[in-house]
Amino acid sequence: MEILDEKQPGPPMEVDDVVSVRDSEAFAAKHLPDLGHDVKDFKVFTWRLSNWKKLEKKLTSPDFERVLLFPFGNSNAPPNDTVSVYLDYAEPKKSPEGWHACAQFALVISNIHDPTIYTVSHAHHRFIAEECDWGFTRFSELRKLFNPVDGQLRPTIEDDSADITVFVRVLEDPTGVLWHNFVNYDSKKETGCVGLKNQGATCYMNSLLQSLYCTRYFRKAVYQIPTEQDHPTESVALALQRVFYHLQTSDQPVGTTELTKSFGWKSLDSFLQHDVQEFNRVLQDKLESKMKGTKAEGAIQKLFVGKMKSYIKCVNVDYESSRSEEFKGKCHLYPLKFLWMKNLYESFKDYVAVELLDGENKYQAEGLGLQDAKKGIIFESFPPVLHLQLKRFEYDIQRDAMVKINDRHEFPFEIDLDEFLDPSADRSSPWVYKLFGVLVHSGDLHGGHYFALIKPDSDSRWLKFDDDRVTPVTDKEVLEENYGGEPLNGILPAYQRNQGRTIKRFTNAYMLVYIRESSVPEVLEPFSEEDTPAHLKRRLDEERLQLEAKKREREEQHLFLTAKVITDDTFARHEGFDLASFDEKNWPPSELPTFRVLKQETYSVFKSRIAHHFNFPENQIRLWVLVNRQNKTVRPDTHIPDSESTLTVEVIRNNMSARQTDLRLYLDIIPDPAKPDPPPQSIMVFLKHFDTSKQTLLGAGKVYVLRSNKVGDLIPMINERMRWTPGTPIKLFEEIKPGMIELMKPKLSFAQSEIQDGDIICFQVDLPEKEVHDLDMQGLYSNPVQFYDFLQNRVMIVFRPKHEEPSQEQPEFHLILNKKQNYDSMANKVGEALHHDPIKLRFTTTHATNGSPKSILKRSLNQSITEIMAPSYVNPTTTVILYERLDVSIVELETKRSLKVIWTGILNKEEAAHSFLLPKTSMVHDLADHLAKQVTLTTGGTGKIRIFEISKDGKMQKEFTGSEMIGNIPDPVELYAEEIPREELEADDSDKVIGVFHFSKELTRTHGVPFKFVVKRGEKFSDTKKRLQARIGVSDKEFAKYRFALIQVSTFKQPSYIEDDDTIYDHQFAPEDVLGLDHVDKSGRARAGAGERAIVIRG
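Rules used in this analysis
Residues numbered from 1 in each chain as written. Predicted model: local features only at pLDDT ≥ 70, side-chain atom pairs only at ≥ 80, totals over all residues. Heavy atoms only, no water. Helix = DSSP H or I, 4+ residues; strand = E, 2+ residues; numbered from the N terminus. Buried < 20%, exposed > 50% of the residue type's maximum accessible area, 1.4 Å probe, protein only. Areas by Shrake-Rupley, 256 points an atom, 1.4 Å probe, with all protein chains shown as cover. Salt bridge = Lys/Arg side-chain N within 4 Å of Asp/Glu carboxyl O. Pairing = 2+ DSSP bridges. Axes fitted to C-alpha atoms, helices over the stretch in contact; angles between N-to-C directions. Contact = heavy atoms within 4.5 Å. Phe/Tyr/Trp six-rings, centres within 6.5 Å; stacked < 30°, edge-to-face > 60°. Lys NZ or Arg CZ within 6 Å of the ring centre and 35° of its normal. Parallel < 35°, antiparallel > 145°, perpendicular 65-115°, else oblique. Left-handed = near helix turned anticlockwise from the far one by under 90°. Nonpolar A, V, L, I, M, F, W, Y, C, P; charged D, E, K, R; others polar.

Novice: Just to check I follow, could you spell out the overall build of the chain for this structure?
Specialist: Along the backbone of the chain there are 26 helices and 49 strands. Across the 1099 residues in the chain, those meeting the buried criterion constitute 49%. Within the structure as shown, the chain displays about 54,300 Å² of accessible surface, and the carbon and sulfur contribution to it stands at 49%.

Structure representation (structure tokens):
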């Protein structure tokens, strides 16, 4: 039985606002708050009860929507001191499958003589067959019902009688998911669509992918990219095709791991949330390049590219200066930052608003002098699919950080954009656009969640794509709930109902998808079988069959066991304890021939399979079972006799190696099939050779020896096997267990030495003392005891560059180290591998879960490898340590600060990076002095250096005064330096010094390094450009491709591009206003938004 233990207060009422329970409408208005849903039905039922103290422990009212009453509390509450009351659906078992009812209700106990005296609680619930009752376990304490409270003259229960009344509003549920708990919810069944799995923070990607998938023209274009020979984790096009195909055909949510791997992302990247707009741009650029030369070429251009024109038109003379440019798929429109931009229509209107150039601000028309003119932007065409970015995130100059704007901004289901088009635009079809998608962000800048609201067809209902779940939504959920700002005529969330003031909703539209009405039939043309590439269908169907086979294999796993077979060949390659490695903590298991065997398979059938696999006659092989000995070793114990041929493999495993899940076997080859059994009284002993010259310990086969033979009898046998000179002195050691390797006495018998089947004897050539001494001096192992100690403590560590992707210059490699070794030993080994001074290497440990940096290792602690590895609960098979090559000793780093400064010289070019190691107490001006000694300053220049950071939006310098202590500069930091031009240093009061930055097409795509520039009074921009060109040292050919824009951060508009006749000095510069140079980024190092990692797609 579901319970609600706390009463839910309704809207606040006046104290003297007395309502009678019998006035149904007034009572419901007061105690059932409007939840914002249409009412389907409203019922009131009253049940009178007498002799309350003599009532049964549980009563049920006689109505269809009945009341369950526990007059003295039910079993979940303290007995005899509370009343429990619930609303109950009478006969859930008789209801149709999938039945539900969404009801809001109030349960009331009132005085039979005075219905204004009552106790009430209200709730709402989705009644289903599994949750058919809902109400209040602690409705009220009995003493409060039997005694007058709150200044009332009568108690609620008077004369041992009371009325129990239930008010029920049954609410409309147009989507079918109102208050749904989503247990066993089937997206495909309910909506025909499936969701995408979230990898950690990939909801931004999921929302965009669903929008692109539903744009069928785009999906068809992606399918037309040839990918037959591609691999899904290396080809973005193929990985995206596979995601789309699974969305078409799967009944379950679809994974995107292959897709993100094809981007070149690591698992950590999937836990970093990015900007949808930037991701969309990078993805479409990548796909557009993949479409070149294919049937799909031009598809993105056709779907998403429109044209706009910037113009200045004279009022009194016939002269116009204009420039047309393309925009790909999206306009940047801003939400309510100013009162006049309250909706999408107003935003468009403001976007194309005309600025009048008159009075002192007249336009200098070529050959016509100063003229009154109109300046503005007009659209020449819109694309069939229009992505409108509502720019919810903006850079705040005061905080030097991005902030989210949650202001209200309304958008319609349909908008006519005709009035925002140039008069010469093609109007053969109306420019009416229909809303088909709303991408929503819920949360703030530092965290939140993305989901998409999409209308897949012109006649379908709206759906909410929220990662792995797809649900229907109402029109109100599409529009009103995503406008942002404060709710208008709406219902406040429960957490705000008792607040003195409302706060803005942080769930709001971030990107809108409109499709031109006349283009809908083409853009959303129904998908046919032929639209899916045959190779893709064939490939994925094959994979599906393989997955189903693997699933069957997993389901049938309990019917099988695994048999692993050690052979003389695998033993000869094994370097470690026992005959093979199985469960070592810090070492991978040996690669052994492995067989999946039906547990009920007979031994004779299994032996036949093994013989066939290894190409031996059945009568020439003998299989020994390995067992786990008490001393933690794994050794052959006894061979399986042929007399057991009718027993099943499972019985043999259980009888002969009960403590193992796998069946571990040794394949013994019989030299003479006529003698199938080992010689009587013999022992099977395995030999290992420790080679001091090669520093290896490898298997050297096995021998059968009599128990009564002397241990020393092995020596001539070994000399013969190894083809050594007869009489070569040999030492013998028994490998008892890790940590216990003992020198054997040659004169004792094998029986006296307690040697048994499966034991291991290690041998080495007995070396002269001088050779032993030489080996010890070289740090090499002179005997197997030392080498076994190394094996017991060996660990494989992977070393990876910390700041770069692995390359030939900065390789990723692994070393086998001894856990007893210390930091210095490790550093020396890594130094040898990298050909770098070990004292100039710095190491950082990593998190076992995702490989991200954890903590820098301090050399001064000189920790052991065991301490460096630190026990991890994840227990990885390999430890990863990151390395950095330093220019200085790490000893110095403890008292000094390492800083890298990128020098841009006098021409704003990234010329070189200079590294410095200075005392932490040094000032920034000291850093500038050191830099001056390493760079070449211009002859006759100022000789002065400016050191600065770049603002997080990439548009401005953040200059240091010079008096800052470098130890106090936050880490990490990216420092730049330039030579201050003489023009700037000698600027007088009549000049203006402004900021200039580089960008490519969109303001968010900044690149290069911002710089400062002097603007002179009365100078035409044609002359300003010449000085700009000289300032940055660009060739005429390249500079001709530059465009120039005035960026006013205080206004939310596209950049205002500057004409040659403009005088930018006349602009009233605010501190954050800057000049933007719009040109292609040839550095390949575009900046990300404020503090964000740039999105890179490599595949």
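Additional details are given in the paragraphs that follow.
Novice: Would you mind showing me how to read unusual backbone geometry here?
Specialist: Of all residues except glycine, most have a negative phi; of all peptide bonds, most are trans. Residues other than glycine seldom take positive phi values, yet Asn-184 does so here, at roughly 60°. Mapped onto the elements, Asn-184 comes out in the loop between β8 (162-171) and α3 (187-191). If you check the backbone angles, Asn-908 has positive phi at about 60° while not being a glycine. Given a relative accessible area of 8%, Asn-908 falls into the buried group.

Novice: Sorry if this is basic, but what is going on with the pattern of salt bridges here?
Specialist: Note that side chains of opposite charge can pair when their charged atoms are close. By the definition in use, this model includes 57 salt bridges. Put simply, Arg-1043 and Glu-325 hold a salt bridge, and the shortest N to O gap is 3.0 Å. Residue Arg-1043 is found in strand β47 (residues 1043-1047), and its partner Glu-325 is found in strand β10 (residues 320-328); the two are separated by 718 residues along the sequence. Accessibility classification places Arg-1043 together with Glu-325 in one group, the buried group. One salt bridge in this structure joins Glu-601 and Arg-609, with 3.1 Å as the shortest N-O distance. Overall, Glu-601 belongs to the buried group, its relative accessible area being 14%. Overall, Arg-609 belongs to the partly exposed group, its relative accessible area being 32%. The structure contains a network of salt bridges with shared partners spanning Asp-578, Arg-629, Arg-635, Lys-688, Glu-735 and Asp-759.

Novice: Just checking my understanding: could you explain the sheet that holds strand β25 (residues 560-566) for this structure?
Specialist: Two pairing modes exist for strands in a sheet, parallel and antiparallel, and in both the strands are linked by backbone hydrogen bonds. Across the sheet, which stays open at both edges, the 5 strands sit in the order β26-β25-β29-β27-β28 with mixed pairing between neighbours. In this open sheet, the two strands that pair with only one neighbour each are β26 (594-598) and β28 (634-639). Taken over all neighbouring pairs, the strand axes of this sheet differ in orientation by 40° on average, direction set aside. Against the sheet, helix α16 (residues 649-656) touches β25, β26, β27 (621-628), β28 and β29 (663-669), its axis set at about 65° to β25.

Novice: Honestly, the packing of aromatic side chains in this entry has me stumped. Any pointers?
Specialist: Aromatic ring pairs are described here by two measures, namely the spacing of the ring centres and the angle between the planes. Tallying each qualifying case throughout the model produces 40 aromatic pairs. By way of ring pairs, the aromatic residues Tyr-345, Phe-348, Tyr-351, Phe-379, Phe-382, Phe-420, Trp-431 and Tyr-433 are connected into one cluster. The ring of Phe-527 is capped by Arg-219, whose NZ or CZ atom sits 4.3 Å from the centre of that ring. A cation over an aromatic ring shows up here: Arg-469 above the ring of Phe-182, its NZ or CZ 4.0 Å from the ring centre.

Novice: What's the story with the sheet that holds strand β6 (residues 118-128) in this structure? I'm lost.
Specialist: The 4 strands lie next to each other as β1-β8-β5-β6, forming an open sheet whose pairing is antiparallel. The strands lining the two open edges of the sheet, one partner per strand, are β1 (39-49) and β6. For this sheet the average axis-to-axis angle between neighbouring strands, irrespective of direction, equals 15°. As paired strands, β1 and β8 are joined by 10 bridges and run antiparallel to one another. Across the sheet, residue Leu-49 finds its bridge partner in β8, namely Ala-162. Strand contacts of helix α1 (residues 24-31): β1, β5 (100-110), β6 and β8, with the helix running at about 75° to β6, the strand carrying the most contacts.

Novice: Whenever I open this one, the packing of helix α5 (residues 216-223) against helix α6 (residues 236-249) confuses me. Can you help?
Specialist: A pair of packed helices is characterised by two quantities: the angle between their axes and the separation of those axes. Look at α5 against α6: their axes get within 9 Å of each other, and the N-to-C directions meet at 130°. Taken together, α5 and α6 sit at an angle that is classed as oblique. As α5 runs across α6, the sense of the crossing is left-handed. Here Phe-218, Arg-219, Val-222 and Tyr-223 of α5 come into contact with α6, specifically with Ala-237, Leu-240, Gln-241, Phe-244, Tyr-245 and Gln-248. Of the residues belonging to the contact of α5 with α6, the class tally is 7 nonpolar, 2 polar and 1 charged.

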